[in-house]
Amino acid sequence: MKRSAQPANAIIGQTPPKILTVTQVAELLQIPKSSVYEKTRARRGVAPPLPSRRVGRYLRFFESEVLEWLAGLPQNHLVRHRRRAAA
């Protein structure tokens, strides 16, 4: 039995997911590269880590997962603080 030379995604009929580098994710989120690395680390009591995959020593990201992660973050409602009355 011979395998077809078509990639798996051509058989399914889907386009391949867009894969991003750390630099591209930083540009997409408009944050420094160092923040991208920091946000991939899991920490207790903080927002969930940015989903990534290791390819050798490099990090790669699916664009759709990055956008879902961003949409899932809690909104930061700005709180106006009242000025203290002069004593």
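Rules and cut-offs
- Residues numbered from 1 in each chain as written.
- Predicted model: local features only at pLDDT ≥ 70, side-chain atom pairs only at ≥ 80, totals over all residues.
- Heavy atoms only, no water.
- Salt bridge = Lys/Arg side-chain N within 4 Å of Asp/Glu carboxyl O.
- Helix = DSSP H or I, 4+ residues; strand = E, 2+ residues; numbered from the N terminus.
- Buried < 20%, exposed > 50% of the residue type's maximum accessible area, 1.4 Å probe, protein only.

### Observations concerning the pattern of salt bridges
Two side chains that carry opposite charge are able to pair once their charged atoms sit near each other. Tallied over the full model, the rule gives one salt bridge. Its salt-bridge partner being Arg53, residue Glu65 comes within 2.8 Å of it at the nearest N-O pair. Taken as a pair, Glu65 in helix α4 (residues 63–72) and Arg53 in strand β2 (residues 53–55) lie far apart in primary sequence, twelve residues in all. By relative accessible area, which is 22% here, Glu65 ends up partly exposed. For Arg53, a relative accessible area of 37% puts it in the partly exposed group.

### Side note on the environment of Glu68
Among the secondary structure elements, Glu68 is positioned in helix α4. Judged by relative accessible area, Glu68 falls into the exposed class, the value being 57%. C-alpha separation for the pair Glu68 and Leu50, spaced 18 residues apart in sequence, amounts to 9.8 Å.

Coordinates in, geometry out; function isn't part of it.
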